[in-house]
Structures are given as structure tokens and as C-alpha cells.
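In case you want the letters, here they are:
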Amino acid sequence: MDQNRAETAAAGTPRMGMSIGATLLLTTAVTLLIYLIKSWKKKEPRNLPPGPRPVPLLGNIFQVNLTELHKDLVKLSEKYGPVYMFQVVNLKTLIVVGYDTVKEALVDCGDAFNDRGIIEIFSVLFGDHGIVMSNGERWKAMRRFSLMTMRNLGMGKRNVEMRIQEEAQFLRERFMQIQDTSFNPTYILGLAVSNVICSVVFGERYDYEDKNFLKLLSYNREIFKRLNTFAGQLLGMFPRLMTCLPGPHQKILSNNVKLKKFVKEMIKEHKDTFDESCPRDLIDFFLLKIQEEKNNSETEFREENLVGTVIDLFFAGTESTTMTLRYSLLILLKHPEVQEKLQEEIDRVVGQNRFPSADDRAQMPYTDAVIHEIQRFADIFPIGLTRAAQEDTTLHGYHIPKGMMMVPMLTSVLKDTNHFKNPDEFDPGHFLDENGGFKKSEAFMVFSAGKRMCMGMSLARMEIFLFITTLLQKFTLKPTVDKELIDIRPVPNTNGSQPYDYEMFAVPR
Ligand code: HEM
């Protein structure tokens, strides 16, 4: 518009001025609306998986029972398919169900789901330091370092095997001391399992009466136990709000503070006695790495990551293995015929005059099958650990945008009817071929799968094998009630598939 015409227009009647203004306003509003619709359409990715309709602010949490989440999440897949979206509060999460799709996500998609994402409750409790909750370069550096150090310290080789054998011996002695009385084995099993991790991380095992050791275990156990309650679930969903409110969940937070304090004191003791020419354990190797990289401003070898890694190994390695052993003994009490066959195999392959060793496993297909079946049946991490998409990717034909959280439903793999004929029964036949040999199953995803699967798998498998065989070599486990009354199903209203508490006798053979 030239200057004159513009001036004429501006000098027109007020009525005319208003209509031009209104037109301009309207045009601007319509343009803005079109722009917003276009950009909204552009941002909302197409071809996302289906899922139940969320309600504002809360998402889909009222469509499931929070204390048995895994069952309802599997059930929802009957309606929405093996890959669907579920919204927790305001966080859209991908739920992946069944062997084929979980394998596609964790293995076939390569690194696509290697991130852990940000889980608020764990950020509040542990931050994103260490291995379990870290992402990207930090995760790679911490995982690589820990695996290498554990290997240097002998994990997977004779050294760690000897430590486990030694601990199994202490466990056996403890069983022997209480042979005439019935007892709940949870506590003693926890001591033995924790001691194996302690000797890797802290370089020493503790006496079963050591006060410091018992304190450390109680912090750990309290956190694990209480996270699994309703108050724990609420803390998980609204961590920032709940940390400010009173209630039983406060015990989780206070125990977490104590756990961190304990680890920091341990690190300080290591620093005071550190000799770089002779690193004793994982903490010393980390301190050495901090020293080596002190001039690298980008390094991940900093004290927060040391604290995080130690807590991760302790937390991840203790409760999981203890829970599995607790479940194992309960199942053997319920099935004395299985226990008898295990003892026959132990007597034939190992005899009574030496300790079972990791190498014996290859000659013990029945024992191997029973342990696999115990782990499959116990299903202790039914919803696995969340992952997140590292990049835009495609899963089961759907578009998955970078950053979206993903839950691999391990329970649906371990109970997949295409792989296990009696998924809800305890049946060692799931891992035996027709000649009684051990039969592998691709669907044995107790430790998850792919590049971010459990880091302690070989340690855990060795512990479970050696503890069970060392105990059964010398004891027969007897229940305190009729075996028909023993319930081996998980306690209802728990998310972590816990066995019922029980007492038993360990009768010397
Ligand atoms: C029966 C015993 C155990 C079971 C069933 C188990 C299971 C699992 C599962 C399902 C995950 C999640 C993997 C994923 O992201 O998909 C995991 C992660 C992990 N586990 Fe275990 N675990 C056991 C014992 C151990 C032990 C003894 C250690 C100690 C060395 C350990 C250390 C870890 C660590 C550090 C991670 C995180 C790995 C990462 O984020 O890269 N676990 N475990």
C-alpha cells in the first residue's frame, strides 16, 4: 500500500476504521488458529499405538489395580493388542506384552530402547547417578567400568566362585546350629547373599552378627518392602508432592538417607586407607579411575557416580537374589519329590565329600531345569524395569517418538503359552527334553534381554545354584505344616511377586 492510500484509509470514518480493525483482528486470529492447528498436527506423531482413553491429570491409573499392576496391564493387552499406550498421571508409557513383541523391543530394535528415561521416584531417591537409572554416555561408562571391574575381581571365574562357596559354607553352618528348631530362612539367606555383594564392592564379608552389616541390610530391605505398598505406589506416582506429606512412605525416604550416609562413610574409609598400587575392591578401582581422570572435565568418574554405582549394585543384587532363594526353598517344601530328585543328582555328580562347583551344573540337567523353573514361576520382576526410546523408532508397525517410556512386561514372556505349556503351574518339565536333558527356552527372560539386561546375571545364577546345591547336599528341608497347605502363589496385592512368609526345618541327611 502506498503512503497516500494508507493515509486516506486511516482518515476514514470511525465506523469504517472499526471494521478494518475487526477484519485485521479476525484475520490475525484465523491465521494464528491455522498455524496452531498445523503445528499441533505436526507435533502429534501419527501412527501411535492405541490405548485406553486417559482422564485429565490422572491418566489411566483408575483403570488398574495399583497393587497388582502387572496383572491388569497384561489384561488390557487383550483389548488393545501387544503394544499399547498407558498414561500414568501425565506420562505416556508404552506397554509391551508377549514374547515376540518384548523381544522385538529389547533385542531386534538394537539400541533403540537402551535409555532408562527419567523415573521421578528414582530421581528423588537416587538421582540419575550410577548404572541402573543413568542414560547415554554416563550409563555406558558406569556399566562398562563395573562389568570390567567385577571381571577383574574374578566374577565368572574361580575367585568369585570361591567366595560364594565360602559363604554357602557359613550358611550351612548356620542351618546346622538351628537344626532342631523351625525357622524363617529369609533373614539368613539375605545375610549370605548380601555378603557376596559386599565382598565384591567393599572387599570384605561381614560376620552375621556385625551391627553395621545388619543396619545396612535393614535400610535396604525397608526401602524394597515399602516401595511395594500402596503408600510406596503413591510415592512412585507423585514423588515431589508425597515427599512433603507425612505418612508411612516417609520411612522409605529416611532409610534412603541412611543408606547413602552408610555408603559415603564406607567410601571415606576406603580413601583413608587407599593404596593405588593395590586396589582391593570396586570402590578402590573407582577411586583409581577418579585419580586418573582428574584433569578431564567431562569425566563421569566422580564421587556421585561412585555412590550411585555402589548403591545400585547393592540394591539390585541383594533383594532379587534373596527373594529367589526364599521362593526356591518354599517350592521345595511344597514339592518333596522334586527335592528328592535334586538330592539324587547332587549325590551322583558331586557326592558328599566336596563342595558343589559351578562346573557341576553342566552334568546336572535336572537341577538346572528346576532352578530355571523356580525363577520362571517366581517371576519376581513382573513388569521389568522401564526403558525409554533413545531415538524415534518403529515397534510392531507403530511410530514410537524419542523419549517415550516403555515397560517390557517380563511376566507375559515368562507366562507366554506359546513357550510354556502350563504357564501358571510349577513344572520343571518346561526346561527338560524328552531324554531328561536340559532344554533352553528363548522366553526365559527373568533377567530381561538385550544390551541392557541384568548386569549381575552370571553372579546371581552362580549364587542360586551353589547355595541350593550346598544346602541340599547336607540337609532335607521339611515344612512345619502339611504340604497341601503350602501356598506357592505370590502374596496377593504385591507388585513384586513375593512369596508368603514361612517357617521350615533343615534336617541333616
Ligand atoms: C535373581 C536375581 C536377579 C534378577 C532376577 C535380576 C533381574 C534384573 C532385571 C529384570 C533387570 C532390568 C534389566 C532391564 O533394564 O531390562 C536388572 C538390572 C540390573 N541388575 Fe539384576 N537381577 C538379579 C540379580 C542381580 C545381581 C546379583 C546384581 C549385582 C551385580 C544385579 C545388578 C543389576 C544391575 C546393575 C542392573 C541395571 C543394568 C543396567 O541398567 O544397565 N542384578 N536385573
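All values derive from a computational prediction rather than experimental measurement.

Side note on the packing of aromatic side chains
Okay, so step 1: Applying the stated rule across the entire model yields 13 aromatic pairs.
Okay, so step 2: Aromatic side chains Phe175 and Phe475 sit 5.9 Å apart centroid to centroid with 55° between the ring planes, which places their arrangement in the tilted category. Of the two residues, Phe175 is situated in helix α7 (residues 158-177) and Phe475 in strand β7 (residues 475-479); the sequence distance between them amounts to 300 residues. Exposure class is identical for Phe175 and Phe475. Each is buried.

Quick word on the coordination of the iron atom of the ligand
Ideal geometry at a metal gives 109.5 degrees between four tetrahedral donors and either 90 or 180 degrees between six octahedral ones.
Okay, so step 1: With respect to protein ligation, the iron atom of the ligand binds only Cys454 (SG), at 2.3 Å.
Okay, so step 2: For Cys454, the location among the structural elements is in the loop between α17 (410-414) and α18 (457-474).

A closer look at the site of the ligand
Okay, so step 1: The ligand sits among 28 residues. The nearest are Arg116, Trp139, Arg143, Ser448 and Cys454.
Okay, so step 2: Taking Ser448, its side chain carries an N or O atom lying 2.6 Å from an oxygen atom of the ligand.
Okay, so step 3: Here an oxygen atom of the ligand and a side-chain polar atom of Arg452 are 2.8 Å apart.
Okay, so step 4: Contributions of two or more residues to the shell around the ligand are made by α6 (136-152), α14 (303-334) and α18.

Structural notes on the confidence of the model for the chain
Okay, so step 1: Of all residues in the chain, 90% attain a pLDDT of 70 or more, and the chain-wide mean is 87.
Okay, so step 2: Scored below 50 in pLDDT, residues 1-18 makes one contact in the model with residues more than four places away or belonging to other chains.

A look at the packing of α14 against α18
To describe two helices that pack against each other, one gives the angle between their axes and the distance between the axes.
Okay, so step 1: Where α14 contacts α18, the axes come no closer than 10 Å and their chain directions differ by 35°. Read as a crossing pair, α14 and α18 show a hand that is right-handed. Every residue of α18 that contacts α14 at Thr321, Thr324, Leu325, Ser328 and Leu332 is listed here: Ala460, Glu463, Ile464, Phe467, Ile468 and Leu472.
Okay, so step 2: For the contact of α14 with α18, a count of residues per class yields seven nonpolar, three polar and one charged.

Criteria and thresholds
Residues numbered from 1 in each chain as written. Predicted model: local features only at pLDDT ≥ 70, side-chain atom pairs only at ≥ 80, totals over all residues. Heavy atoms only, no water. Phe/Tyr/Trp six-rings, centres within 6.5 Å; stacked < 30°, edge-to-face > 60°. Helix = DSSP H or I, 4+ residues; strand = E, 2+ residues; numbered from the N terminus. Buried < 20%, exposed > 50% of the residue type's maximum accessible area, 1.4 Å probe, protein only. Donors = N, O, S within 2.8 Å, 3.2 Å for Na, K, Ca; no water. Near = heavy atom within 4 Å. Polar contact = N/O pair within 3.5 Å; in protein donor to acceptor, adjacent residues only side chain to side chain. pLDDT = per-residue confidence, 0-100. Contact = heavy atoms within 4.5 Å. Axes fitted to C-alpha atoms, helices over the stretch in contact; angles between N-to-C directions. Left-handed = near helix turned anticlockwise from the far one by under 90°. Nonpolar A, V, L, I, M, F, W, Y, C, P; charged D, E, K, R; others polar.

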